[in-house]
Amino acid sequence: MTAVARIGKLTATVVHALSRTLSVLSIGGMAFVMLIVVYNVVLREVGSPEVRGIVEYSELGMALAAFFALGEAERRRQHVSVNVLLDRFQGTTYRVLRVAGGVGTAFIAVLLAVASWQILSDSLATGEYKLGLVRLPMWPARFAVFAGFLILALEQLVTLVEDIVQRRVATSGPDEPAR
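Residues numbered from 1 in each chain as written. Predicted model: local features only at pLDDT ≥ 70, side-chain atom pairs only at ≥ 80, totals over all residues. Heavy atoms only, no water.

(A) Geometry of the overall build of the chain. On a plain count of helices and strands, the chain comes out with 5 helices and 2 strands. Seen in sequence order, the chain has helices and strands lined up from the N terminus as α-α-α-α-β-β-α. Against the compact-globule benchmark of 16 Å for 179 residues, the chain has a radius of gyration of 21 Å, which places it well outside the compact range. Summarising its shape, the C-alpha atoms of the chain cover approximately 70 × 35 × 30 Å along the three principal directions. Put simply, the chain has 179 residues, and 33% of those count as buried. Here the chain displays about 11500 Å² of accessible surface, and carbon together with sulfur accounts for 68% of that area. Positive and negative side-chain charges of the chain, numbering 17 and 14 respectively, have mean locations separated by a distance of 6 Å. (Helix = DSSP H or I, 4+ residues; strand = E, 2+ residues; numbered from the N terminus. Rg over C-alpha atoms; globule rule 2.2 N^0.38 Å. Buried < 20%, exposed > 50% of the residue type's maximum accessible area, 1.4 Å probe, protein only. Areas by Shrake-Rupley, 256 points an atom, 1.4 Å probe, with all protein chains shown as cover. Lys, Arg positive; Asp, Glu negative; His and termini not counted. Charge placed at Lys NZ, Arg CZ, Asp CG, Glu CD.)

Quick look at the structure:
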C-alpha cells in the first residue's frame, strides 16, 4: 500500500469516526426532545406549571438531531437519492456522471458549511439569542448546522474518492457500471 493510500484510508477513518460521534449526539438531541416533551405533558396532566421555554429547548434538540446525522447518512449511503436517470446509463457515461454528481454535491456541501460558519461566527460575535420565554443562546443550534454541513461535505468527498478508486479497480466490462 502506497503512502497516499494509507493517508487516504486514515482520513476516511477519521471522517467516519467523526460522523459516528455526531450521529450519537444526534440521537441524544432526539432523546432530549422526546424526554422534555413527555415531561411537559406529564406536568400539564398533574396540574403543575409547564416547562418554561419548551419550544426553544425543543428547537435546539431538533437542530442537533437533524444536522448531526447528515454525515452518518452519507457514510452509510442512506441519503434520499433518485437514480432514475443515472441508472439508465452504462460504462464511461455512467462513471463520468457519477463522478460529476459527486463533485457537485461535495461542492454544494462545502458552500453550505462556509455559509453556516459565517452565520455561526456572527452569532458568537453578537451574542445572538432566541426570543421566547427563555433567553437561549443561538450558537449551539448554529454550531449544529455548521458541524452537520462540514461533516456532510467531508463524507461526500470520501464517498467521491471511494467511487473513483472502486471504479478504477473494478473489473466490470466496458459497457457495465461497476457496482
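(B) The side chain of Thr159, seen in detail. Counting through the fold element by element, Thr159 comes out in helix 5 (residues 139-169). Beyond its immediate chain neighbours, meaning those up to four positions away, Thr159 contacts Glu74 and Arg77. (Contact = heavy atoms within 4.5 Å.)

(C) Highlighting the side chain of Ser116. With respect to the secondary-structure elements, Ser116 resides in helix 4 (residues 91-126). The contact partners of Ser116, leaving out residues within four places of it in the chain, are Val145, Phe146 and Phe149.

(D) Representation of the packing of aromatic side chains. Inspection of the entire model under this criterion finds 3 aromatic pairs. For the pair Phe67 and Phe149, a centre-to-centre distance of 5.5 Å together with 75° between the ring planes defines the contact as edge-to-face. Residue Phe67 is located in helix 2 (residues 54-67), and its partner Phe149 is located in helix 5; the two are separated by 82 residues in the primary sequence. Assessed through its relative accessible area of 23%, Phe67 is described here as partly exposed. (Phe/Tyr/Trp six-rings, centres within 6.5 Å; stacked < 30°, edge-to-face > 60°.)

(E) Structural view of the nonpolar core. Core analysis: the biggest nonpolar cluster contains 8 residues, these being Ala12, Val15, Leu22, Phe68, Ala144, Ala147, Ile151 and Val158. Of all the secondary-structure elements, those providing two or more residues to this core are helix 1 (3-45) and helix 5. Looking at this core, the element that brings in the most residues is helix 5, giving 4 residues. Setting aside chain neighbours within four positions, we find Ala144 in contact with Ala63, Leu64, Phe67 and Phe68. The next biggest cluster of nonpolar side chains, apart from the first, holds 6 residues, and it includes Ala109, Phe149, Leu152 and Ala153. (Core = buried A, V, L, I, M, F, W, Y, C linked by side-chain atoms within 4.5 Å.)

(F) Broad picture of the pattern of salt bridges. Applying the stated criterion to the full structure yields 8 salt bridges. Note that Glu59 is salt-bridged to Lys130, the shortest N-O span being 3.2 Å. On the criterion of sequence distance, the pair formed by Glu59 in helix 2 and Lys130 in strand 1 (residues 129-130) is long-range, its members being 71 residues apart. The exposure class assigned to Lys130 is partly exposed, which follows from its relative accessible area of 24%. Where Glu162 meets Arg77, a salt bridge forms, and the shortest distance between an N and an O atom there is 3.6 Å. Of the two residues, Glu162 is situated in helix 5 and Arg77 in the loop between helix 3 (70-75) and helix 4; the sequence distance between them amounts to 85 residues. (Salt bridge = Lys/Arg side-chain N within 4 Å of Asp/Glu carboxyl O.)

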